[in-house]
Amino acid sequence: MNFQNTTQGLLIYLAMSFHLLAFVLLAVRRRRFGGAAYAAGFVAALGALLFRWWHAGHPPLQNMFEVFLVLGVLFFPLSVFCRRALRTGGEAFDALLGVIVLWPAGFVFNHRITPLPPALQSPLFIPHVLAYMLSYIFMAKAAFHAGARLLRGPDSADTGLLDRDESTCRMIGAGFPFMTWGLLLGAWWGKQAWGDYWNWDPKELWSLTTWLV
């Protein structure tokens, strides 16, 4: 386990603590306090991300440490968007996922900063990675709603929200275009960086497999 005794690391651990507290409070229907804890976790995670961006001198999407850090930041704004725009719930599960995705950034992956390789300096790199991240979060939320539907029935516990069947479909409908866009951007980026749209490497194959399924 790799403990980070740095400002960046302490912000990550603070974000994880607030996310875990938010999960507990939201799970016991204390929405006001749970929402406040969730928002505080987002602020701490965003602080860690901005600190990393400033310290690295480039957008923090180069390695797995940075990818999980960005994922941890994205959950809260997407939770708010899903509840207000798509009328789907599941914020307690979102807060728990925030803890899970921040754990590798806080304890597993090396946070050492390295120079950005030439292939990653393409303007397509950031939108390609962000499109996949957004699709992953939407699909993870869809999986939660589908699992809750199997275990607990079709109805949402919150009034004014869609039931779990409709929520699952809406999450997939929101995530699939981002997944498609990420796949197309990756092919375009591959053509510019390596001369081919498709190389049949394992990462590209699994991306296509996920999209087809």
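Residues numbered from 1 in each chain as written. Predicted model: local features only at pLDDT ≥ 70, side-chain atom pairs only at ≥ 80, totals over all residues. Heavy atoms only, no water.

1. Here we look at the overall build of the protein
Part 1: Secondary structure summary: the protein contains seven helices and zero strands in total.
Part 2: Sequence-ordered secondary structure for the protein, helices as α and strands as β, is α-α-α-α-α-α-α.
Part 3: Here the protein has a C-alpha radius of gyration of 18 Å; the compact-globule value for 213 residues is 17 Å, and the two agree.
Part 4: Taking the principal axes of the C-alpha coordinates as reference, the protein spans close to 50 × 45 × 30 Å.
Part 5: Relative to its full complement of 213 residues, the protein shows a buried share of 44%.
Part 6: Counting only contacts in the protein whose residues sit at least 6 apart along the sequence, the fraction spanning at least 24 positions is 73%.
Part 7: In the protein, 16 side chains carry a positive charge and 11 a negative one; their mean positions are 9 Å apart. (Helix = DSSP H or I, 4+ residues; strand = E, 2+ residues; numbered from the N terminus. Rg over C-alpha atoms; globule rule 2.2 N^0.38 Å. Buried < 20%, exposed > 50% of the residue type's maximum accessible area, 1.4 Å probe, protein only. Contact = heavy atoms within 4.5 Å. Lys, Arg positive; Asp, Glu negative; His and termini not counted. Charge placed at Lys NZ, Arg CZ, Asp CG, Glu CD.)

2. Thoughts on the side chain of Ser122
Part 1: Secondary-structure assignment places Ser122 in the loop between helix H4 (91–108) and helix H5 (125–152).
Part 2: Residues in contact with Ser122, not counting those within four places in the same chain, are Trp189 and Gln192.

3. What about the packing of aromatic side chains?
Part 1: Scanning all chains against the criterion turns up 14 aromatic pairs.
Part 2: When the centroid spacing of 5.8 Å and the interplanar angle of 25° are considered together, the rings of Tyr132 and Tyr136 count as stacked. Separated by four residues within a single helix, Tyr132 and Tyr136 lie in helix H5, roughly one turn from each other.
Part 3: Taken together, the aromatic side chains of Phe3, Tyr13, Trp103 and Phe107 make up a single cluster linked through ring pairs. (Phe/Tyr/Trp six-rings, centres within 6.5 Å; stacked < 30°, edge-to-face > 60°.)

4. Focus: helix H2 (residues 31–56)
Part 1: An ideal rise of 1.5 Å per residue puts 38 Å on 26 residues; H2 measures up with 37 Å between its terminal C-alpha atoms.
Part 2: Listed as buried for H2 are Gly34, Ala37, Tyr38, Gly41, Phe42, Ala44, Ala45, Ala48, Leu49, Arg52 and Ala56.
Part 3: Of the residues one or two after H2, Gly57 is the one with positive phi, at around 80°. (Expected span 1.5 Å × (residues − 1).)

5. Focus on unusual backbone geometry
Part 1: For Arg29, which is not a glycine, the phi torsion comes out positive at approximately 70°.
Part 2: Even without glycine at this site, Trp200 takes up a positive phi of about 60°.
Part 3: Topologically, Trp200 is positioned in the loop between helix H6 (164–194) and helix H7 (202–212).

6. Side note on the nonpolar core
Part 1: Counting residues in each nonpolar core, the largest one holds 47 residues, and the members touching the most others are Ile12, Met16, Leu69, Leu71, Met133 and Phe138.
Part 2: Elements that contribute at least two residues to this core include exactly helix H1 (7–27), H2, helix H3 (64–86), H4, H5 and H6.
Part 3: Looking at this core, the element that brings in the most residues is H3, giving 13 residues.
Part 4: Filtering out sequence-adjacent residues up to four positions away, Met16 remains in contact with Val99, Leu102, Trp103 and Phe107. (Core = buried A, V, L, I, M, F, W, Y, C linked by side-chain atoms within 4.5 Å.)

7. Here we look at the environment of Phe176
Part 1: Take Phe176: it is sitting in helix H6.
Part 2: Along the sequence, Phe176 and Tyr136 sit 40 residues apart, while their C-alpha atoms lie 9.2 Å from each other.
Part 3: For Phe176, the residues in contact, after removing those within four places along its chain, are Met139 and Trp211.

8. Regarding the packing of H3 against H5
Part 1: One way to put it is that H3 packs onto H5 with a least axis distance of 10 Å and a crossing angle of 60°. Accordingly, the angle class assigned to the pair H3 and H5 is oblique. For the element pair H3 and H5, the recorded crossing hand is right-handed. Counting all contacts with H3, which are made through Val67, Val70, Leu71, Leu74, Phe75, Leu78, Phe81, Cys82 and Leu86, the residues of H5 involved are Leu130, Met133, Leu134, Ile137, Phe138 and Lys141. (Axes fitted to C-alpha atoms, helices over the stretch in contact; angles between N-to-C directions. Parallel < 35°, antiparallel > 145°, perpendicular 65-115°, else oblique. Left-handed = near helix turned anticlockwise from the far one by under 90°.)

9. What about the environment of Gly175?
Part 1: Relative to the helices and strands, Gly175 resides in helix H6.
Part 2: Judged by its relative accessible area of 0%, Gly175 falls in the buried class.
Part 3: Sequence spacing of Gly175 and Leu134 is 41 residues, and the spatial spacing of their C-alpha atoms is 6.8 Å.
Part 4: Apart from the residues within four sequence positions on either side, Gly175 is in contact with Ser135, Phe138 and Met139.

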